[in-house]
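# Secondary and tertiary structure notes
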Amino acid sequence: MWQPLPALRSSGKTSEVRNVIILIPDGCSQSMVTLARWTRGGPLAVDQIQAGAVRTHSASSLVTDSAAAGTALATGVKTANRMLGMAPPLDAALRPVDLPFAPYHPLATVLEGAKRSGRAAGLVVTVVVWDATPAAFAAHTVSRKSDVEILEQMLHQDLDVVFGGGRQLFLPAAAGGTRTDGRNLLDLLQTNRVQIVSNAKEMEHVASGKVWGIFAPASLSAEIDRSALTPDQPSLAQMTAKAISLLKQNPRGFFLMVEGSQVDKADHVNDPARAVREFLAFDDAVGVALQFAAGEGRGQTLVIACPDHDTGGMSLGQRTKTPQTVTDLTAPLAGMQVSVDVLAAKIGANRSAANIIANIEAWWNIRLTDAEAAEITNRVANGLALEPALAETVSRQHTAIGWTSFDHTGVDVPLWSYGPGRPVGLIDNTDVAFATARALHLDLPALTRTLYVDAQKAFPHAKLDTTNPALPALVIDTARLPVNQNLLILNGKEHRLGGVVVHIEKTGHTYLPQEAVDLLAATR
Ligand SMILES: [Zn+2]
């Protein structure tokens, strides 16, 4: 997918910027880029736009999680791990000192700003669409685990393109889903004239309008398994190309976030072959974005890419092996035909050393010794899951790839950027939001004040009605505002708001758009 670009513009007037594309390979570092380049055997799309490095720590930890990292990239504020789109608590270890918002105050995102400025907005991922990274751009919850609330907010953000997985949570049990409230969210979207597609072919047929592509019950397949397991699922590059072709139809421009979501998943279990394939698929998506930014969108499109953090602490070379030739590095990985998840499924319940040896030879083209197989069975017996036990042991004994963790790490990550107003040098993850806001002429703090007014301050008699706990609503006199939605129901009339109502159970505060405050004031 790598193609040469015209000379880079390191500066340029941001007054010309209409579009911003942010691309995030979740959970990797520069080591992954080097491995991917040797694996491809040529330059990567990201190579021609390497621009610096990004500091990743969160407000609560030197090592961030995806929720806090996504919040920094989307809002320009470092929050505490696990929190989405809101200010950190006062006791967060590394909390910013000059933050003008109270703890747990929802923070406007660049996506919300883009929508408010009349632009189109899209999110493209390969995991469930409410996963931490996409959620950080379009939802506000104290916990990234609040999946139902996150999806409800995303549904009410008037998004133009959403591609990813997670069909389960859209459907009631009767239709094969996991919802306990009986609602069918795909029907709800269609009622609002949103097209729903569920495979690559249907996606390709969409020529205009709003679309949600939900391509799997949960996550999409790993790239290394996709053609064998689910050939009807689109690649990240295909989803990115379609998203751009739809979003660019908005005359005011667009904001798009693309996540190579599963680099992180592979790194968490130290599965190098799967990880590098995920990164290469991500790089193809970067190539698609750059072809647009350097072609039709030239001079009007800012592209920023960076991992949200590293995962796994990968290195090329480890205690017992220093690779000298390309073959030393890439040959063991080339023999691995499936992800460790598929390998573990092939091994199944029979976790004998003989069965493990046979399957690793069949699917990964590696012959384990009896001692190595015994190491795997011992680690599983001691409580490690089969997948990391397999992948880390094989990695260490039979590849030149080193790993230091099954978790995230705290190192700086590479920064890639292209187009007018592109950030360069060593930046903080919050600078990605600031560069985006500058390019799109958004005032994020002002937007936060406009979108998230403290209801109890504006209307001291405002109450939360939890008669239906699945669908709580803010009640102000005769007006109702369902929580996590963008609706104001007044005298039997529905007003669609330009923002969602957010309730923070932890503080008891509810936040609503200024637009709703004005509407209520006008009708008094
Ligand atoms: Zn992440």
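In case you missed it, the structure is sitting above this.
Described below are features of the structure shown in this document. (Residues numbered from 1 in each chain as written. Predicted model: local features only at pLDDT ≥ 70, side-chain atom pairs only at ≥ 80, totals over all residues. Heavy atoms only, no water.)

Scanning all chains against the criterion turns up 21 salt bridges. Its salt-bridge partner being Arg-37, residue Asp-47 comes within 2.7 Å of it at the nearest N-O pair. With Asp-47 in the loop between helix 1 (30-40) and strand 2 (50-55) and Arg-37 in helix 1, this pair connects stretches of sequence that are 10 residues apart. Asp-158 is paired through a salt bridge with Lys-210; the nearest N and O atoms lie 2.7 Å apart. With a gap of 52 residues between them, Asp-158 in the loop between helix 5 (147-155) and strand 4 (161-165) and Lys-210 in the loop between helix 7 (200-205) and strand 6 (211-214) connect regions that are remote in the sequence. Given a relative accessible area of 41%, Asp-158 falls into the partly exposed group. Sharing partners across several salt bridges, the network here consists of Lys-115, Asp-158, Asp-160 and Lys-210. (Salt bridge = Lys/Arg side-chain N within 4 Å of Asp/Glu carboxyl O. Helix = DSSP H or I, 4+ residues; strand = E, 2+ residues; numbered from the N terminus. Buried < 20%, exposed > 50% of the residue type's maximum accessible area, 1.4 Å probe, protein only.)

Pairing within the open sheet is antiparallel, and its 3 strands lie in the order 15-22-21. In this open sheet, the two edge strands, each paired with only one partner strand, are strand 15 (453-454) and strand 21 (502-504). In the sheet, strand 21 pairs with strand 22 (residues 509-512) via 3 bridges, with the strands oriented antiparallel. By the bridge assignment, Ile-504 is partnered in strand 22 with His-509. (Pairing = 2+ DSSP bridges.)

So, on to the coordination of the zinc ion. Note on the zinc ion: its protein donors are Asp-26 (OD), Asp-26 (OD), Ser-66 (OG), Asp-308 (OD) and His-309 (NE2). The metal-donor distances range over 1.9 to 2.6 Å. Sequence positions of the residues that donate to the zinc ion give the spacing D-x39-S-x241-D-H. When sorted by exposure, Asp-308 lands in the same class as His-309, which is buried. (Donors = N, O, S within 2.8 Å, 3.2 Å for Na, K, Ca; no water.)

Going through the model one piece at a time under the given rule, you end up with 6 aromatic pairs. Taken together, a centroid distance of 6.0 Å and an interplanar angle of 75° make the contact between Phe-170 and Trp-212 edge-to-face. Taken together, the residues Phe-170 in the loop between strand 4 and helix 6 (185-191) and Trp-212 in strand 6 connect sequence positions 42 residues apart. The exposure class assigned to Phe-170 is buried, which follows from its relative accessible area of 0%. You can call Trp-212 buried: its relative accessible area is 1%. A network of ring pairs unites the aromatic residues Phe-279, Phe-282 and Trp-416 as a single cluster. (Phe/Tyr/Trp six-rings, centres within 6.5 Å; stacked < 30°, edge-to-face > 60°.)

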